[in-house]
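One-letter residues, chain by chain:
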Amino acid sequence: NSHPTRPLPGAAYTKPRMEEQPELHSFYLQVLPLLQGLPVRALRPVRKNFEDRQLVLTSDLQRLELRFPRKRVAETFLRLESLARVHVPHSTVSAVQDAAMKGYPDAGEAENFSFDLILQNAAPWRLSAMDVQNFQMATQGVGALLAARAELPAFAL
């Protein structure tokens, strides 16, 4: 498993909160893959090519980090308050739909499913997932972060 592991609070702590707040449970189901780290390819502007990285959400729910695979130190990060939206090109939408028609989840492997994290007052992060499942986990997780932006401090475990 190439996902970096991070200590998350135990079930004794989280279960009562999840039962009291179903929206919290739903939120964590969507962002858990980001907390664990998702393999992506990131466009490196200097070299003008995509390189393997891990997209990781910090446990305080304040930053998304790009890390070298199997490393614990961030190469770069963005604060979620600077994240404006996720942009998915039409070509990626078509590729995801084609992969689903071919028989998700096996279809769509070895393809690139690109998406951009659009930032306020900064260049976008141009990312690509190598399969449909990682693309969906990344974009849905970031979408959940954007939708819950006001509640993030309260959601942090």
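Everything numeric in this text was worked out from a predicted model, so none of it was measured. (Residues numbered from 1 in each chain as written. Predicted model: local features only at pLDDT ≥ 70, side-chain atom pairs only at ≥ 80, totals over all residues. Heavy atoms only, no water.)

A.B. asks: Report on the packing of aromatic side chains, specifying residues and quantitative values.
C.D. replies: Under the criterion given, the structure shown has four aromatic pairs. Centroid distance phenylalanine 27 to tyrosine 28: 5.4 Å. Interplanar angle 90 degrees. Geometry classified as edge-to-face. Summarising the burial analysis for this pair, phenylalanine 27 and tyrosine 28 share the class buried. Here the aromatic rings of phenylalanine 27 and phenylalanine 155 are separated by 4.9 Å at their centres, their planes lie at 50 degrees, and the arrangement is tilted. Of this pair, phenylalanine 27 sits in helix α2 (residues 22-36) while phenylalanine 155 is found in helix α5 (residues 152-155), placing the two residues 128 residues apart along the sequence. Classification of phenylalanine 155 by relative accessible area gives buried; the value is 7%. Clustering of aromatic rings is evident, with ring pairs tying together Phe27, Tyr28 and Phe155. (Phe/Tyr/Trp six-rings, centres within 6.5 Å; stacked < 30°, edge-to-face > 60°. Buried < 20%, exposed > 50% of the residue type's maximum accessible area, 1.4 Å probe, protein only. Helix = DSSP H or I, 4+ residues; strand = E, 2+ residues; numbered from the N terminus.)

A.B. asks: With reference to specific residues and values, describe the confidence of the model for the chain.
C.D. replies: In the predicted model, the chain carries a mean pLDDT of 85, and the fraction of residues at 70 or more is 83%. This stretch, residues 1-6, has a pLDDT under 50; its non-local contacts, to residues over four places away or in other chains, come to 20 contacts. (pLDDT = per-residue confidence, 0-100. Contact = heavy atoms within 4.5 Å.)

A.B. asks: Go over the packing of helix α3 (residues 90-103) against helix α4 (residues 132-147), please, and point to the residues and values.
C.D. replies: The N-to-C vectors of α3 and α4 enclose an angle of 125 degrees; their axes lie 11 Å apart at closest approach. Looking at the two axes, α3 sits oblique to α4. Pair α3 / α4 crosses with left-handed handedness. Contact with α3, carried on its side by Thr92, Val96 and Ala99, involves Val132, Phe135 and Gln136 of α4 and no other residues of that element. (Axes fitted to C-alpha atoms, helices over the stretch in contact; angles between N-to-C directions. Parallel < 35°, antiparallel > 145°, perpendicular 65-115°, else oblique. Left-handed = near helix turned anticlockwise from the far one by under 90°.)

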